Amino acid sequence: VFQVQYFTFLTASSAASIPLSKITCEKKLGVTAETASFSIPLGASFNMNGTALHLGATSVFLAQVFGASLGIFDYIQIIILAMILTLGIAGIPGASLVAMPMILSAIGVPIEYVAVYVGIDRFLDMARSSLNVMGDVLTATIVDKTSGDLNKEIYNSSENIDVFAVQTSFANFYLPKVVSLDF
């Protein structure tokens, strides 16, 4: 599972880590192919818990920098907007920069204040993408565990499988031979 975290952290993209997450779920955690094929892409699209937390915390921070006093209605508005906006955010680096001005304008903070955190957003994006993808992998494992379909032999196995090698062989088989995926 560390390889999925590492890959997602470096790419800051939950969409790019879908194949690696799926292979890891199947080969290292014992999740069935049906569950992994359904829950991993679905989670990459809708499970943006790290982004929702980020939008909420950053908008409160920027409101404090601006000097705005937030009431209970503003906090509720931030929570609702963050949850709704994360459903439409793409799983690519920097996608939350599009949603942040919407929250800021709703709570009365000038959208120019987004520039305060743009410089560090890439590093925050790496961490929250890893959180999102680990949530997807955990969800697939829990679904199979509760349904009784989890392969416990693979899950409890101490065998170390290199999922990067599995992914490379998978991609070389399915992609045209013009593309070289030697890592």
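Residues numbered from 1 in each chain as written. Predicted model: local features only at pLDDT ≥ 70, side-chain atom pairs only at ≥ 80, totals over all residues. Heavy atoms only, no water.

## Focus on the overall build of the chain
So, point 1. A tally of regular secondary structure across the chain gives 9 helices and 0 strands.
So, point 2. Mapped from its N terminus to its C terminus, the chain presents α and β elements in the order α-α-α-α-α-α-α-α-α.
So, point 3. Here the chain, with 183 residues, has 40% of them falling under the buried criterion.
So, point 4. For the chain, long-range pairs separated by at least 24 residues make up 73% of all intrachain contacts whose partners lie at least 6 apart in sequence.
So, point 5. Of the roughly 10000 Å² of accessible surface on the chain, 68% is carried by carbon and sulfur atoms. (Helix = DSSP H or I, 4+ residues; strand = E, 2+ residues; numbered from the N terminus. Buried < 20%, exposed > 50% of the residue type's maximum accessible area, 1.4 Å probe, protein only. Contact = heavy atoms within 4.5 Å. Areas by Shrake-Rupley, 256 points an atom, 1.4 Å probe, with all protein chains shown as cover.)

## Here we look at the packing of helix α4 (residues 49–66) against helix α6 (residues 96–106)
So, point 1. Interhelical geometry of α4 versus α6 gives an angle of 45° and a closest axis separation of 10 Å. Classified by the interaxial angle, the pair formed by α4 and α6 is oblique. Along this stretch, α4 crosses α6, giving a crossing that reads as right-handed. Judged by residue contacts, Thr-51, His-54, Leu-55, Thr-58, Ser-59 and Leu-62 of α4 engage Ser-96, Ala-99, Met-100, Ile-103 and Leu-104 from α6. (Axes fitted to C-alpha atoms, helices over the stretch in contact; angles between N-to-C directions. Parallel < 35°, antiparallel > 145°, perpendicular 65-115°, else oblique. Left-handed = near helix turned anticlockwise from the far one by under 90°.)

## Topic: the pattern of salt bridges
So, point 1. Applying the stated criterion across every chain, the model contains 3 salt bridges.
So, point 2. We note a salt bridge from Asp-121 to Arg-128, for which the minimum N-O separation is 3.0 Å.
So, point 3. With a relative accessible area of 3%, Asp-121 lands in the buried category.
So, point 4. Asp-125 is the salt-bridge partner of Arg-128, the closest N and O atoms lying 3.5 Å from each other. A residue pair is termed a helical-turn pair when its members lie 3 or 4 positions apart in one helix, as Arg-128 and Asp-125 do in helix α7 (residues 118–147) at 3 residues.
So, point 5. For Arg-128, a relative accessible area of 5% puts it in the buried group.
So, point 6. Given the relative accessible area of 5%, Asp-125 is considered buried.
So, point 7. Through salt bridges with shared partners, a single ionic network connects Asp-121, Asp-125 and Arg-128. (Salt bridge = Lys/Arg side-chain N within 4 Å of Asp/Glu carboxyl O.)

## Quick look at the packing of helix α5 (residues 72–87) against α6
So, point 1. At a minimum axis distance of 10 Å, the contact between α5 and α6 shows a crossing angle of 155°. As summarised for this structure, α5 and α6 are arranged roughly antiparallel, according to the angle between their axes. Note that α5 runs across α6; the crossing there is right-handed. Of the residues in α6, those in contact with Gln-77, Ile-78, Leu-81, Ala-82 and Leu-85 of α5 are Ala-99, Met-102, Ile-103 and Ala-106.

## Quick look at the environment of Thr-58
So, point 1. Note on placement: Thr-58 falls in helix α4.
So, point 2. With 59 residues separating them along the chain, Thr-58 and Tyr-117 place their C-alpha atoms 8.4 Å apart.
So, point 3. With near-sequence residues (within four places) excluded, Thr-58 lies in contact with Met-100 and Tyr-117.

## A few points about α4
So, point 1. A rise of 1.5 Å per residue sets the reference length of α4, with its 18 residues, at 26 Å; its end C-alpha atoms lie 26 Å apart and thus fit the reference within 8%.
So, point 2. Buried residues along α4 sit against α5, α6 and α7.
So, point 3. Gly-67 occupies a position one or two residues after α4 and carries a positive phi of about 95°. (Expected span 1.5 Å × (residues − 1).)

## Details of empty space enclosed by the protein
So, point 1. Counted by the stated rule, this structure contains 1 cavity of 30 Å³ or more.
So, point 2. The space that makes up the largest cavity amounts to roughly 90 Å³.
So, point 3. What lines the largest cavity is a set of 15 residues, and nearest its centre among them are Thr-51, Ala-90, Ile-92, Asp-125 and Ser-129.
So, point 4. When its residues are assigned to classes, the lining of the largest cavity shows 6 nonpolar, 7 polar and 2 charged. (1 Å grid on protein atoms, 1.4 Å probe; cavity = no way out; pocket = protein on both sides within 12 Å on 5 of 7 lines; lining within 4 Å. Points joined across faces, edges and corners; volume = space filled by probe spheres on them. Nonpolar A, V, L, I, M, F, W, Y, C, P; charged D, E, K, R; others polar.)

## Focus: the nonpolar core
So, point 1. In this structure, Leu-55, Leu-70, Ile-78, Met-100, Ile-103, Leu-104 and Ile-107 are the most contacted members of the largest nonpolar core, which totals 18 residues.
So, point 2. Mapped by element, the contributors of at least two residues to this core are α4, α5 and α6.
So, point 3. What Met-100 contacts, discounting residues up to four positions off in sequence, is His-54, Leu-55, Thr-58, Ser-59, Val-114 and Tyr-117.
So, point 4. The next biggest cluster of nonpolar side chains, apart from the first, holds 12 residues, and it includes Val-31, Val-133, Val-137 and Leu-150. (Core = buried A, V, L, I, M, F, W, Y, C linked by side-chain atoms within 4.5 Å.)

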